[in-house]
Amino acid sequence: MTITISAQTHQELFAEVNETPQNNDPDDELDVTWKSPQALGEGHYRRVELRQNLVLEIESYQRHENLIIQGIDRPHPLEFWLMLSGQWWENSPWGVNETAAGQYGFCGNGLREFADFESTDLANIERVEVLSGPASVLYGQAGPGGIVNLVTKQPLRDPFYAVDATIGSFDFYRGAIDLSGPLNDSKTVLYRLNVSYLNRNAFVENFEETEFFISPVISLALGERTRLTPEGEYTDKSNGFVIGLPAEGTVLPNPNGRIPRDRNLSESVLDRTRSTVRYRLDHQFSKNWSLSNAFQISFIDVKGRGILAFGLAPDNRTLNRGPQAYDFDDTQEYNLTLDLIGKFSTGSIDHQLSFGGELRGYSNYQAGKSYNTPPLPTIDLFNPVFGQPLGPLTLDGDSRNSTDELGFYIQDQVTLTENLKLLLGGRFSSVSTTSEDLLVEDSKSSGSNQAFSPRLGIVYQPFKPISLYASYSRSFEPTFGRAFDGSLFKPTRGTQYEVGVKADVNDRLAATLAFYQLTQSNILTTDPAHPEDFSIQVGEQQSRGFELTIQGEILPGWNIIAGYAYTDAKVTKDNSIPVGTRFPTVPENSFNLWTKYEVQRGTFQGFGVGLGLYFVGKRTGDFENTFELPSYLRTDAALYYQRNQFRAALNFRNLFDVTYFEGAYGRGRVFYGEPFAVQGTVSWQF
């Protein structure tokens, strides 16, 4: 498997489009496509290919980091660590957590998904599309930071079979199979089946994870112009949980010494299952007009038993803890979309029109239980005793929540001249939310909100290698849950302004410089008074900054992708948090570099090496700005060999075993980064 990153930047609003190919290439590439939302006028399920766009192949088995969704809705920058193992980790300690999933906006095949407490296995993923900037027009509600679209592998016309196995540090074991081909002689009925199994520990104690994943797909040709594609996914996962450690003894001095990097005091277990069924129906009326209809429904069940930390005692070594259990039963989410895409001209002006609607909903039943007093005995950070007995459970939370949303969008990409193009679009959304505390009589509350979100863009090319662009857009997204006082959260609104320039150094190397300002209101964050169970909304937050990226091929076989970002993210309006407070865990400065070289010919053809540098500047650790997470520079590396259908690789993460901190949820929950780790993978395709 090859991980392919296609850097399609903000100014490339208008693109030549081709249908996603039914690729029979045994290399079975996993594409990671970075592109702007403005480039999506061509419709869902299509890959945007741009003239002079270099597809930069980043060697597989290497986690590629810092494809960061731009802007403010990232208390944790979204750093993808893509591995051949198929596991996708976000910059929270373990998995794509519910906060990140809700804030960034995740899609599956163009269908927006609500947060589901589910990390994402990449066994059935063909490519990952990272859309920088607001994407509310075509992909429903999303924060101004952007959206991530996971596109699944589709059936192939010719037989294809692949197996791979990965073994790594901390007892990491994973295997996967990928099977595809026709089911009849005329090849009008195709199939694909992906199956994977994972069993691993981690560098921290009290953590083990197992996961089984299966995804069948059928593709039916209902004539020359119509295709129906039903899909299914099932995940059964069980894993421990990491609650973090106090700042004292990690990033701050502690008279008792430094807390060990592998310490984990949670003794928690999360059991999760998710079943998803979806279909996609595509019809091509003519060369210029097409219609797409898609539907998806998911059933999610989450049960957890955890031990929570409530504060550090004055001796700086005794941690107060309290156990808790919860169920997210009968959680359902659905999404139905209909999109019409067409091209036409009015005189000398070309148009690409997109129009569509979306209906989606989310509902769940949530029960929370805590243990009777006396509370769980305290634990010594430096000499912990695990397995202390727990008391009986007491139901202290029982609620039902639901959200329904209806949206319509229209967008026109207008080509005025060969070097001047406009984008005009807008989306109307109506959202209704209901929440009920089943332990309190007459507690049912509901609310509804409507909003129109416009988007404007312009691209001017004074001469061929240089493109200048500017864009404006707004976003609107529902916010789920209740505050401690029982009140419903308000919807989140976002506004983006951006200008930039792209320079094509040559036909294989390009650089982009972007300046932006993003403003977002009613952002959820941890309630300082009730940090373990509740959230509050920040009045308004603003992020200003710039990003510089360079990507392409320097010489045959030598590829590079590098980026620098400056981000000034602060609270600009709030009733309780002082104006000017820096947003937690967002660094002012960050830098990433990944480069790899592969021998092109001769005896060592197919042998390659890769090197990555990832710098993250210092960050404040909480809203009170009482402590900072120090900056760090991490080095990763890879060795690989590929020839014909065989592929083998070694990944080295944190090559020099640097001690660093990935993030924090306040003063009591600081997370160490992973120490030096190695993974080896062998794959065979036939």
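First, a word on what this report is: a plain description of the structure on this page. This structure is a prediction, so every number in the text was calculated from the model and none was measured.

A word on the overall build of the protein chain
And then number 1: Secondary structure summary: the protein chain contains one helix and 39 strands in total.
And then number 2: Out of the 686 residues belonging to the protein chain, those deemed buried represent 57%.
And then number 3: Pairs at least 24 residues apart make up 67% of the contacts formed inside the protein chain by residues separated by at least 6 positions.

With respect to the pairing of strand β32 (residues 607-616)
And then number 1: On β32, burial follows the alternation: Gly608, Gly610, Gly612, Tyr614 and Val616 on one face are buried, whereas Phe607, Val609, Leu611, Leu613 and Phe615 on the facing-out side are not.
And then number 2: The sheet contact formed by strand β31 (residues 589-598) and β32 spans nine bridges and is antiparallel. Its bridge partner being in β32, Lys596 is matched across the sheet by Gly610.
And then number 3: The pairing of β32 with strand β35 (residues 632-643) spans ten bridges and is classified as antiparallel. Bridge assignment links Gly610 to a residue of β35, and that residue is Ala638.

A look at unusual backbone geometry
And then number 1: For Phe170, which is not glycine, the phi torsion reads 60° and is therefore positive.
And then number 2: For Phe170, the location among the structural elements is in the loop between β13 (160-168) and β14 (172-182).
And then number 3: Phe170 sits in the partly exposed class, given a relative accessible area of 26%.
And then number 4: One non-glycine residue with positive phi stands out, namely Asn654, at about 55°.
And then number 5: Inspection of the secondary structure assignment puts Asn654 in the loop between β36 (646-653) and β37 (661-664).

Some points on the nonpolar core
And then number 1: Counting residues in each nonpolar core, the largest one holds 23 residues, and the members touching the most others are Val251, Leu265, Leu381, Phe627, Leu629 and Val670.
And then number 2: Elements that contribute at least two residues to this core include exactly β37 and β38 (670-672).
And then number 3: The greatest single-element share of this core, amounting to three residues, is contributed by β38.
And then number 4: Beyond its immediate sequence surroundings of up to four residues, Leu629 is in contact with Val251, Thr585, Lys618, Arg619, Phe661, Gly663, Ala664 and Val670.
And then number 5: Listed in part, the seven residues of the second largest apolar core include Ala569, Phe583, Val586 and Phe623.

Remarks on the packing of aromatic side chains
And then number 1: For the structure shown, the criterion picks out 13 aromatic pairs.
And then number 2: Ring geometry for Tyr665 versus Phe671: centroids 5.7 Å apart, planes at 90°, classification edge-to-face.
And then number 3: Residue classification places Phe671 among the buried positions, given a relative accessible area of 4%.
And then number 4: An aromatic cluster is present here, built from Phe515, Phe546, Tyr564 and Tyr566 joined pairwise through their rings.

What about the pattern of salt bridges?
Pairing is possible between side chains that carry opposite charge, provided their charged atoms lie close to one another.
And then number 1: Applying the stated criterion across every chain yields a total of 28 salt bridges.
And then number 2: A salt bridge links Lys570 to Asp568, with the shortest nitrogen-to-oxygen separation between them at 3.9 Å.
And then number 3: Linked by salt bridges that have partners in common, Arg634, Asp636, Arg653, Glu662 and Glu674 make up one network.

A look at the side chain of Asp412
And then number 1: Looking at the element boundaries, Asp412 is found in strand β23 (residues 393-417).
And then number 2: Nearest to the buried, unbridged Asp412 among oppositely charged side chains is Arg455, at 11 Å.
And then number 3: Only 2.8 Å separates the side chain of Asp412 from the side chain of His351, close enough to count as a polar contact.
And then number 4: If sequence neighbours within four positions are ignored, Asp412 has contacts with His351, Gln352, Leu353, Leu422, Leu423 and Leu424.

Section: a nonpolar patch on the surface
And then number 1: A contiguous nonpolar patch, built from Phe285, Leu336, Leu340, Phe355, Leu359, Leu406, Phe408, Ile410, Phe428 and Phe452 and spanning about 880 Å² of accessible area, is present on the exposed surface.
And then number 2: Of all the elements, β23 adds the most residues to the nonpolar patch, at three residues.

Structural notes on the pairing of strand β18 (residues 269-284)
The side chains of a regular strand alternate between the sheet's two faces.
And then number 1: The sheet contact formed by strand β17 (residues 226-239) and β18 spans 14 bridges and is antiparallel. When the sheet's bridge partners are listed, Thr226 is paired in β18 with His283.
And then number 2: Across 16 bridges, the pairing between β18 and strand β19 (residues 289-312) is antiparallel. Bridging from a neighbouring strand, Arg272 pairs with Val302 of β19.
And then number 3: Taking the residues that link successive antiparallel strands as the turn, the β18-β19 hairpin has four residues.

Cut-off values and rules
Residues numbered from 1 in each chain as written. Predicted model: local features only at pLDDT ≥ 70, side-chain atom pairs only at ≥ 80, totals over all residues. Heavy atoms only, no water. Helix = DSSP H or I, 4+ residues; strand = E, 2+ residues; numbered from the N terminus. Buried < 20%, exposed > 50% of the residue type's maximum accessible area, 1.4 Å probe, protein only. Contact = heavy atoms within 4.5 Å. Pairing = 2+ DSSP bridges. Core = buried A, V, L, I, M, F, W, Y, C linked by side-chain atoms within 4.5 Å. Phe/Tyr/Trp six-rings, centres within 6.5 Å; stacked < 30°, edge-to-face > 60°. Salt bridge = Lys/Arg side-chain N within 4 Å of Asp/Glu carboxyl O. Lys, Arg positive; Asp, Glu negative; His and termini not counted. Polar contact = N/O pair within 3.5 Å; in protein donor to acceptor, adjacent residues only side chain to side chain. Patch = residues over 30% accessible without salt bridge, like charges linked within 9 Å, V, L, I, M, F, W, Y side chains within 5 Å. Areas by Shrake-Rupley, 256 points an atom, 1.4 Å probe, with all protein chains shown as cover.

Scope: geometric values only; no functional claims are made or implied.
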